[in-house]
Amino acid sequence: MKPVIEIAHLTKRYGKNRGVTDLSFTVAQGEIFGFLGPNGAGKSTTIRAMLGFIGFDSGEIRLLGKDIRREREEILAQVGYMPSETMFYPNMKAGEIIRMAAQVRRKDCREEAGILCERLQVDTEKRICELSLGNRKKVSIVCAMQHRPELFIFDEPTSGLDPLMQTAFFQLIREYVEQGATCILSTHVLSEVRRYCDRAAILKEGQLQRVDTVSALTRAGAKRIKWVRDGRQEEFIYEGDLNDLHKELAGHDITDLLIEEPSLEEAFMEYYRS
Amino acid sequence: MKSIYQYEMKQYIRTLLLWSVCVGGMGMACILLFSGMQEEMAGMAESFAAMGAFSEAFGMDRLSIATLKGFYATEVGTIHELGGAMFAAVLSMNMLSKEEDGHTSEFLFSLPIARGKVVWAKWCAIVANLLLFHLICVGIYGAGFLLLGEGLSAREMLLYHGMQLLLGLELAGICYAFSAFFRQNKLGVGLGVVLLFYACDLLCRVSPEMEKFSVLSPFAYANASEILSTGQIAAGGAALGIGILLAALGIAYFRYTRKDLG
């Protein structure tokens, strides 16, 4: 599959403050890619640089084979973006916002917008200032999807959405991806990554910790150990050599022992802490 | 670009109507008061004209307040000048910064539109609003003249209000450039700029030592008394105003197309 997102040695600093440092990864066509990291890790900085909202000090960002610095408008014509803080012009109606987004793209998106509004239960007659965060998010989803883009970029897409809408949102993502689109989503909700993403990148303090398939990320290094040793039950995450663990057990009365893969949450917590 | 322009026009329609009806209404009230005050004004005109620097500052040494032209220049002119300048600042000061202030920049700039086009679309909306503001005000003043039964010549109105439009555009351009630098709405800065230039113009008119600095303020070339008493415009001042306007637009464009959006 051809790469849709190519980020090479991206570095962005905010004066003396760190943004992201030497970040490199690629996302192939048809992938749903998770972008994980604690607050301030540099996820939003990366996304903002990808969309040309901010410049960067060094490196290269290519989306859909085009350079974001030189071909920003051509790229954005094929991108659907949903920001974490979804804000629109408060006095406009939801329907007006959706039409405005389509007009700027010079596309007739009425049919797709109608389907999306129905599936997401968007009230197009309500003014933005009357909408809750969740309802504004739904308008944002319609704006991001109505032109059937090749690449979706979502920044914490499900915050504020009720569980039914979260399911509907991911169902839509899957449908578009099945038709050849690609999706990158930044999130704190690890269950979303586990359930929907093919691969994920973990970012910490502006640096990429690891990029791998979700299943490989959970397998890496750490093991969940449960045992009953000398009559005492213990449970912990073990990251060392299993031979050392075996030696540690020698001479003890082991009545129960369970070694298993940690949950995704535990694995990511290890990355966050380390 | 058309969508952004249309959106901005729609956004400011109430502000435009409110300001133009208020300023135009106050001007019209002054015009209608003239006939009732004409006799009193005749008595006051001489004393007003003999107030030295203050008479010069308000143009009362050149125009008699007892005539409609003099009354229009001093009374309506002051209201229109300040009202129009403040409207220009209100329009333009937040025009660019409001996207970041209201967190709508991420929606707007995720659309496939160049930032430069957004800068021009928003500027076009400012120009259209200012043009409409002056047209509405002139229309209301014209209605006042009709009710009064006398008026100023079309040439005088065109010269004066043409310069007022340029004044508005120059102040709007300066505020627009400021707006490109800010991430938050700072209307106070815009109004401060207007009042600073107005005070600078007054000082330059009152104090002979300061007269050489009068070109610094755009209010100098748009002064009603000067234009209506001479029937001429200060071409040098107007040309400088156009130069400052173009420079301000260039700065707004340069800054906004390169800044990191917050």
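Parameters and conventions
- Residues numbered from 1 in each chain as written.
- Chains lettered and ligands numbered in written order.
- Predicted model: local features only at pLDDT ≥ 70, side-chain atom pairs only at ≥ 80, totals over all residues.
- Heavy atoms only, no water.
- Helix = DSSP H or I, 4+ residues; strand = E, 2+ residues; numbered from the N terminus.
- Buried < 20%, exposed > 50% of the residue type's maximum accessible area, 1.4 Å probe, protein only.
- Contact = heavy atoms within 4.5 Å.
- Areas by Shrake-Rupley, 256 points an atom, 1.4 Å probe, with all protein chains shown as cover.
- Lys, Arg positive; Asp, Glu negative; His and termini not counted.
- Charge placed at Lys NZ, Arg CZ, Asp CG, Glu CD.
- Buried area = accessible area lost by both parts, 1.4 Å probe.
- Salt bridge = Lys/Arg side-chain N within 4 Å of Asp/Glu carboxyl O.
- Nonpolar A, V, L, I, M, F, W, Y, C, P; charged D, E, K, R; others polar.
- Axes fitted to C-alpha atoms, helices over the stretch in contact; angles between N-to-C directions.
- Parallel < 35°, antiparallel > 145°, perpendicular 65-115°, else oblique.
- Left-handed = near helix turned anticlockwise from the far one by under 90°.
- Pairing = 2+ DSSP bridges.
- 1 Å grid on protein atoms, 1.4 Å probe; cavity = no way out; pocket = protein on both sides within 12 Å on 5 of 7 lines; lining within 4 Å.
- Points joined across faces, edges and corners; volume = space filled by probe spheres on them.
- Phe/Tyr/Trp six-rings, centres within 6.5 Å; stacked < 30°, edge-to-face > 60°.
- Lys NZ or Arg CZ within 6 Å of the ring centre and 35° of its normal.

Draft legend 1. Molecular detail of the overall build of chain A. When its secondary structure is counted, chain A shows 10 helices and 13 strands. Along the first, second and third principal axes, the C-alpha atoms of chain A reach 75 × 40 × 35 Å. Of all 274 residues assigned to chain A, the portion counted as buried reaches 50%. Restricting to contacts in chain A with at least 6 residues of sequence separation, those with at least 24 account for 67%. Total accessible area on chain A is roughly 12800 Å²; 46% of this is exposed by carbon and sulfur atoms. Separation between the mean location of the 39 positive side-chain charges and that of the 42 negative ones in chain A comes to 6 Å.

Draft legend 2. Structural view of the side chain of Ser105(B). Within the fold, Ser105(B) resides in helix H6 (residues 105-108). Discounting chain neighbours no more than four positions away, the residues touching Ser105(B) are Glu99(B), Glu100(B), Ser110(B) and Gly262(B).

Draft legend 3. Structural detail: the interface of chain A and chain B. Contacts between the two partners involve 26 residues from chain A, matched on the other side by 24 residues from chain B. For the pair chain A and chain B, the summed buried surface comes to about 2300 Å²; carbon and sulfur atoms form 57% of the total. Looking at the side of chain A facing chain B, the largest losses of area belong to Phe53(A), Tyr89(A) and Val104(A), adding up to 28% of the total buried there. Across the chain A-chain B interface, the total number found is 3 salt bridges. Two residues, Arg48(A) and Glu106(B), come together in a salt bridge whose shortest N-O distance is 3.0 Å. When contributions to the side of chain A that touches chain B are tallied by element, the ones reaching two or more residues are helix H2 (72-76) and helix H3 (94-104) of chain A. Residue composition of the side of chain A that touches chain B, grouped by class: 15 nonpolar, 4 polar and 7 charged.

Draft legend 4. Layout of the packing of helix H4 (residues 68-93) of chain B against helix H9 (residues 187-206) of chain B. All names here are of chain B. The geometry of H4 relative to H9 is characterised by a closest axis approach of 8 Å and an angle of 150 degrees between their N-to-C directions. Between H4 and H9, the angle is such that the two are roughly antiparallel. Here H4 and H9 pass one another in a crossing that is right-handed. On H9, the residues touching Thr 78, Glu 81, Leu 82, Ala 85, Met 86, Ala 89, Val 90 and Met 93 of H4 are Leu 187, Val 189, Gly 190, Leu 191, Val 194, Leu 195 and Tyr 198. A class-by-class count of the residues in the contact of H4 with H9 yields 12 nonpolar, 2 polar and 1 charged.

Draft legend 5. Here's a closer look at the sheet that holds strand E13 (residues 254-260) of chain A. Residue and element names in this part refer to chain A. Spatially, E12-E11-E13 is the arrangement adopted by the 3 strands of the open sheet, whose pairing is antiparallel. Edge positions in the sheet fall to strand E12 (232-238) and E13, since each of these pairs with one other strand and no more. Across the sheet, the mean angle from the axis of one strand to that of its neighbour is 10 degrees, orientation sign disregarded. In the packing of helix H9 (residues 242-249) onto the sheet, the strands contacted are strand E11 (223-229), E12 and E13, and the crossing angle to E11 comes to about 10 degrees.

Draft legend 6. Molecular detail of the sheet that holds strand E8 (residues 182-186) of chain A. All names here are of chain A. Pairing within the open sheet is mixed, and its 6 strands lie in the order E6-E7-E8-E3-E9-E10. Pairing within the sheet leaves two strands with one partner each, and these edge strands are strand E6 (79-82) and strand E10 (207-213). Shown here is a sheet whose adjacent strand axes are inclined to one another by a mean of 15 degrees, direction ignored. Here E6 runs beside strand E7 (residues 151-155); their pairing, made up of 4 bridges, is parallel. Residue Gly 80 lies in a different strand from E7, and its bridge partner there is Phe 152.

Draft legend 7. Structural view of empty space enclosed by the protein. Per the counting criterion, the structure on display carries 2 cavities of 30 Å³ or more. Considered as a void within the structure, the second largest cavity measures approximately 100 Å³ in volume. If you go around the second largest cavity, you meet 16 residues; those closest to its centre are Tyr81(A), Ser140(A), Cys143(A), Phe107(B) and Ser110(B). For the lining of the second largest cavity, the secondary-structure elements that each account for two or more residues are E6 and helix H5 (133-145) of chain A.

Draft legend 8. Structural detail: the packing of aromatic side chains. Enumeration according to the criterion identifies 24 aromatic pairs over all chains in this entry. An angle of 45 degrees between the planes, with centres 5.4 Å apart, marks the rings of Phe25(A) and Phe35(A) as tilted. Residue Phe25(A) is found in strand E2 (residues 17-28), and its partner Phe35(A) is found in strand E3 (residues 32-36); the two are separated by 10 residues along the sequence. The exposure class of Phe25(A) is buried, given its relative accessible area of 5%. The buried category is assigned to Phe35(A), whose relative accessible area is 0%. Judged by centre distance (3.9 Å) and plane angle (5 degrees), the rings of Phe170(A) and Tyr196(A) are stacked. Taken together, the positions of Phe170(A) in helix H6 (residues 163-178) and Tyr196(A) in helix H7 (residues 190-196) put the pair 26 residues apart, joining distant regions of the chain. For the pair Phe170(A) and Tyr196(A), a shared accessibility class is recorded, and that class is buried. Taken together, the ring pairs connect Phe152(A), Phe154(A), Phe169(A), Phe170(A), Tyr176(A) and Tyr196(A) into an aromatic cluster. A cation over an aromatic ring shows up here: Arg69(A) above the ring of Phe56(A), its NZ or CZ 3.9 Å from the ring centre. Over the face of the ring belonging to Phe109(B) we find Arg115(B), whose NZ or CZ atom lies 5.7 Å from the ring centre.

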